[in-house]
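The residues making up each chain are set out below.
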Amino acid sequence: MSTIPLPPWPAAELAAMTTTDLHHAARVRVEQAWQRCCEVCPPLPAPKVWFDLRGACAGQAHLSRGGLRLNPVLLSENRTAFFDDVIPHEMAHWLVFHLDNGPRLKPHGREWKTVMRDLFGLAPSVTHQFDIQQAQSAPYRYQCGCRIHRFTPRRHALAASGRGYRCRHCVKTLVYTPEDTL
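Residues numbered from 1 in each chain as written. Predicted model: local features only at pLDDT ≥ 70, side-chain atom pairs only at ≥ 80, totals over all residues. Heavy atoms only, no water.

**Here we look at the pairing of strand β2 (residues 59-62)**
Working step 1: Residues G59 and A61 point to one face of β2 and are all buried, whereas Q60 and H62, pointing to the other face, are not buried.
Working step 2: Sheet topology note: the β2/strand β3 (residues 67-70) ladder contains four bridges and is antiparallel. Considered in β3, the bridge of A61 is made with L68.
Working step 3: Hairpin connection of β2 to β3: four residues between the antiparallel strands, including G66 at a positive phi of 85 degrees. (Buried < 20%, exposed > 50% of the residue type's maximum accessible area, 1.4 Å probe, protein only. Helix = DSSP H or I, 4+ residues; strand = E, 2+ residues; numbered from the N terminus. Pairing = 2+ DSSP bridges.)

Okay, here's the thing in structure tokens:
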């Protein structure tokens, strides 16, 4: 069993890739991570890969669909981190789920942390630190006494149906302010 990180992908090569090339390379990296996982769990099925995840989440081991979902916007903006951390992170989830009692284990529990450290040679970090502004569409403007807040379509719908929101800084109620009224 390997305990070193997957070989680094050349940063200059990643930076020069088109979107199509980047997605192909990400699938190759998933294959490399899957082969590493097969060292400890030979019957592990190979995951499918989709680039359809949106919002703040970088990746997701989507067990009911049978594969990994990756956020194409965050992948494009954080190429090296995706290849070094996000893909192994999601493959660790994939492996743990397929172990005995996998569906009953905590997503970031002891088993997942062990796979991250002992199989991929990585610190078991649960969250990323990516700038999510481009990945998270928040076109709706809400205003309080001190600033403008941006809401996603889902949060805007909740506010429109009566859910109230307050600013954490000035504690005033947030009020919808369409772009054309400013």
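Right, picking up where we left off after that structure.
**Re helix α2 (residues 19-38)**
Working step 1: Look at α2: 28 Å from first C-alpha to last across 20 residues, which is about the 28 Å you get at 1.5 Å a residue.
Working step 2: For α2, every residue scored as buried is listed here: L22, H23, A25, A26, R29, V30, A33, W34, R36, C37 and C38.
Working step 3: Against α1 (11-16), β1 (48-50), β3, α3 (72-77), α4 (79-97) and α5 (110-119) lie the buried residues of α2. (Expected span 1.5 Å × (residues − 1). Contact = heavy atoms within 4.5 Å.)

**Re the sheet that holds β3**
Working step 1: A sheet is described by the order of its strands in space; here three strands give the open sequence β1-β3-β2, paired in mixed fashion. Since the sheet does not close on itself, it has two edges, and those belong to β1 and β2, each with one partner. Between one strand and the next, the sheet's axes are offset by a mean angle of 20 degrees, whatever the strand orientation.
Working step 2: The sheet contact formed by β1 and β3 spans three bridges and is parallel. (Axes fitted to C-alpha atoms, helices over the stretch in contact; angles between N-to-C directions.)

**Concerning the packing of aromatic side chains**
Working step 1: Taken as a whole and judged by the stated rule, the model has five aromatic pairs.
Working step 2: Centroid distance Y140 to Y176: 6.4 Å. Interplanar angle 50 degrees. Geometry classified as tilted. Of this pair, Y140 sits in strand β4 (residues 140-143) while Y176 sits in strand β6 (residues 175-176), and the two are 36 residues apart along the sequence.
Working step 3: Aromatic ring contacts, followed pair by pair, group Y140, Y142, F151, Y165 and Y176 into a single cluster.
Working step 4: Here the basic side chain of R65 rests over the ring of W50, its NZ or CZ set 4.1 Å away from the ring centre.
Working step 5: Note that R155 overlies the ring of F151, its terminal NZ or CZ placed 4.3 Å from the centroid. (Phe/Tyr/Trp six-rings, centres within 6.5 Å; stacked < 30°, edge-to-face > 60°. Lys NZ or Arg CZ within 6 Å of the ring centre and 35° of its normal.)

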